[in-house]
Amino acid sequence: MNSNQLRQIYLEIQNNLRCTQCGRAYVAKNIHLRGTLKNIYFFQLNCEGHSAFATITVLGQQINISTENVSTDDLLALHEQLTNFNGNFKKVFKKT
Ligand SMILES: [Zn+2]
């Protein structure tokens, strides 16, 4: 990942993703990179009062985005888990 690719991901998010709860587009200041694992990037997306989490997988020039609505509590828990991430995705995304 270089800074060009990171910029590309930010653009992809801004151009392609909308808040599923109110339909607003995300702007750069509301997109936060929370963690990386090899070619997988975890972004927190904030809207006014809404949060979502985006998992971005980069394969060569191809960028795949999947999102999931989460509560602020979920985000805090997820962030904590990513901080201690040990490669176990099932654990990270396990619903409680
Ligand atoms: Zn929203």
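The structure this text deals with has already been given above.
Residues numbered from 1 in each chain as written. Predicted model: local features only at pLDDT ≥ 70, side-chain atom pairs only at ≥ 80, totals over all residues.

Overview of the overall build of the protein chain
1) Next: Of regular secondary structure, the protein chain possesses 3 helices and 4 strands.
2) Next: Ordering the α and β elements of the protein chain from the N terminus gives α-β-β-β-β-α-α.
3) Next: By the burial criterion, 10% of the 96 residues in the protein chain qualify as buried.
4) Next: Looking at the protein chain alone, contacts between residues at least 24 apart form 34% of all its contacts between residues at least 6 apart. (Helix = DSSP H or I, 4+ residues; strand = E, 2+ residues; numbered from the N terminus. Buried ≥ 20, exposed ≤ 12 C-beta atoms within 10 Å, placed from the backbone. Contact = placed C-beta atoms within 7 Å.)

Some remarks on unusual backbone geometry
1) Next: In this structure, Lys 38 takes a positive phi of about 50 degrees despite not being glycine.
2) Next: Note on placement: Lys 38 falls in the loop between β1 (31-37) and β2 (40-47).

A short note on the pairing of β2
1) Next: Both β1 and β2 contribute to a ladder of 6 bridges, which runs antiparallel. Note on β2: the bridge partner recorded for Leu 33 is Phe 43.
2) Next: Taking the residues that link successive antiparallel strands as the turn, the β1-β2 hairpin has 2 residues, and the phi of Lys 38 there is positive, at about 50 degrees.
3) Next: The pairing of β2 with strand β3 (residues 50-59) spans 8 bridges and is antiparallel. Paired with Gln 44 across the strands is Phe 53, a residue of β3.
4) Next: Following β2, the chain reverses through 2 residues before pairing antiparallel with β3; Gly 49 in that reversal takes a positive phi of roughly 80 degrees. (Pairing = 2+ DSSP bridges.)

Re the environment of Thr 36
1) Next: Take Thr 36: it is sitting in strand β1.
2) Next: Judged by the 14 C-beta atoms lying within 10 Å of it, Thr 36 falls in the partly exposed class.
3) Next: When the C-alpha positions of Thr 36 and Thr 57 are compared, they lie 9.8 Å apart, and in sequence the two are 21 residues distant.

A short note on the sheet that holds β1
1) Next: Taken in spatial order, the 4 strands of this open sheet run β1-β2-β3-β4, and their pairing is antiparallel. Strand pairing shows two members of the sheet lacking a second neighbour, β1 and β4 (62-69), which therefore form its edges. With direction set aside, neighbouring strand axes in the sheet form an average angle of 25 degrees.
2) Next: Against the sheet, helix α1 (residues 3-16) makes contact with β1, β2, β3 and β4, and its axis sits at roughly 50 degrees relative to β4, the strand it touches most. (Axes fitted to C-alpha atoms, helices over the stretch in contact; angles between N-to-C directions.)

Considerations on the nonpolar core
1) Next: By size, the foremost hydrophobic cluster in this structure holds 10 residues: Ile 9, Ile 13, Cys 19, Tyr 26, Tyr 41, Phe 43, Leu 45, Ala 52, Ala 54 and Ile 56.
2) Next: Contributing elements (two or more residues each) for this core: α1, β2 and β3.
3) Next: In this structure Cys 19 touches Arg 24, Cys 47, His 50 and Ala 52, once residues within four positions along its chain are discounted. (Core = buried A, V, L, I, M, F, W, Y, C linked by C-beta atoms within 7 Å.)

Here's the deal with the environment of Asn 64
1) Next: Assignment of secondary structure puts Asn 64 in strand β4.
2) Next: Judged by the 11 C-beta atoms lying within 10 Å of it, Asn 64 is exposed.
3) Next: Dropping the residues within four chain positions of it, Asn 64 is found in contact with Ile 56 and Thr 57.

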